[in-house]
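Structural overview
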Amino acid sequence: GENVEQHPSTLSVQEGDSAVIKCTYSDSASNYFPWYKQELGKRPQLIIDIRSNVGEKKDQRIAVTLNKTAKHFSLHITETQPEDSAVYFCAAREGFQKLVFGTGTRLLVSP
Amino acid sequence: NAGVTQTPKFQVLKTGQSMTLQCAQDMNHNSMYWYRQDPGMGLRLIYYSASEGTTDKGEVPNGYNVSRLNKREFSLRLESAAPSQTSVYFCASSGTGHTGELFFGEGSRLTVL
């Protein structure tokens, strides 16, 4: 089955800096790669996703890149703000319905 | 719309006790899921139901059973709770097709003593 590895497990940045979180996956058949944000005590929520026919996708300060050959994808957050502090999960879709998540990255943005 | 609603939000059990986590969604989604979240382990899939009438095992199904009662409701049962099942449980649902976005409930924190 699919295996998703995520790094780093924790990331501390200063407000205004960029943050990059990286994930690798094992199943070359996976074709959908979402990122979820979970604020403290809250439910995970989708923030951006990318499909295997696209190499990069942007949404304001957030971007995701995908390298299918290397089987890795990354989340880029520019001009970080304190409200970006949260746990971020990457995931890869195995088959038609099942998502496999990475272990999460705790991002702390200091003012 | 309430989205995905799960109950209870908190529960404390003794080892060997049984309980059922309830989940309901009002988004007319076909697929529903149960995940558990543990520190450093991310979200791990316990069971899922791709459509009404079907259920399948995920990554960590041992010790759990599920029932897809109808299109709206998907319950998770612990027949004989163990301390290793102490976790936060999330129910989620998604529509069919290529969207695949998961909509999560608020979570249920379960402690097994």
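Only a predicted model underlies this, so the values are computations on that prediction, with no experimental measurement involved. (Residues numbered from 1 in each chain as written. Chains lettered and ligands numbered in written order. Predicted model: local features only at pLDDT ≥ 70, side-chain atom pairs only at ≥ 80, totals over all residues. Heavy atoms only, no water.)

In this complex, chain A contributes 19 residues to the contact, which on the side of chain B involves 26 residues. Taken together, the two surfaces of chain A and chain B that pack against each other cover about 1,800 Å², and 53% of this comes from carbon and sulfur. Linking chain A with chain B are 1 salt bridge. We note a salt bridge from A:Arg43 to B:Glu106, for which the minimum N-O separation is 3.4 Å. The tally of links between chain A and chain B comes to 5 residue pairs in polar contact (both at pLDDT 80 or more). Elements represented by at least two residues in the side of chain A that touches chain B include exactly β4 (32-38), β5 (45-51), β9 (86-94) and β10 (98-101) of chain A. The element best represented in the side of chain A that touches chain B is β10(A), accounting for 4 residues. Class assignment for the residues of the side of chain A that touches chain B results in 9 nonpolar, 4 polar and 6 charged. (Contact = heavy atoms within 4.5 Å. Buried area = accessible area lost by both parts, 1.4 Å probe. Salt bridge = Lys/Arg side-chain N within 4 Å of Asp/Glu carboxyl O. Polar contact = N/O pair within 3.5 Å; in protein donor to acceptor, adjacent residues only side chain to side chain. Helix = DSSP H or I, 4+ residues; strand = E, 2+ residues; numbered from the N terminus. Nonpolar A, V, L, I, M, F, W, Y, C, P; charged D, E, K, R; others polar.)

All names here are of chain B. One can find tyrosine 64 in strand β7 (residues 64-68). Classification of tyrosine 64 as buried rests on a relative accessible area of 4%. Each C-alpha atom of the pair tyrosine 64 and glycine 107 lies 17 Å from the other, and the pair is 43 residues apart in sequence. Sequence-distant contacts of tyrosine 64, defined by excluding residues within four places in its chain, comprise Arg36, Ile46, Tyr47, Leu76, Arg77, Leu78, Gln85 and Tyr89. Within the structure, tyrosine 64 has its side chain in polar contact with the side chain of arginine 36 (distance 2.9 Å). (Buried < 20%, exposed > 50% of the residue type's maximum accessible area, 1.4 Å probe, protein only.)

Throughout the structure, instances matching the rule amount to 14 aromatic pairs over all chains. With 6.4 Å between their ring centres and 90 degrees between their planes, A:Phe89 and A:Phe101 make a pair best called edge-to-face. With A:Phe89 in strand β9 and A:Phe101 in strand β10, the pair connects residues that are 12 residues apart, well separated along the chain. Residues A:Phe89 and A:Phe101 agree in their burial class; the two are buried. Here the aromatic cluster, defined as three or more aromatic residues joined through ring pairs, consists of A:Tyr36, A:Phe89, A:Phe101, B:Tyr33, B:Tyr35, B:Tyr48, B:Phe90 and B:Phe104. (Phe/Tyr/Trp six-rings, centres within 6.5 Å; stacked < 30°, edge-to-face > 60°.)

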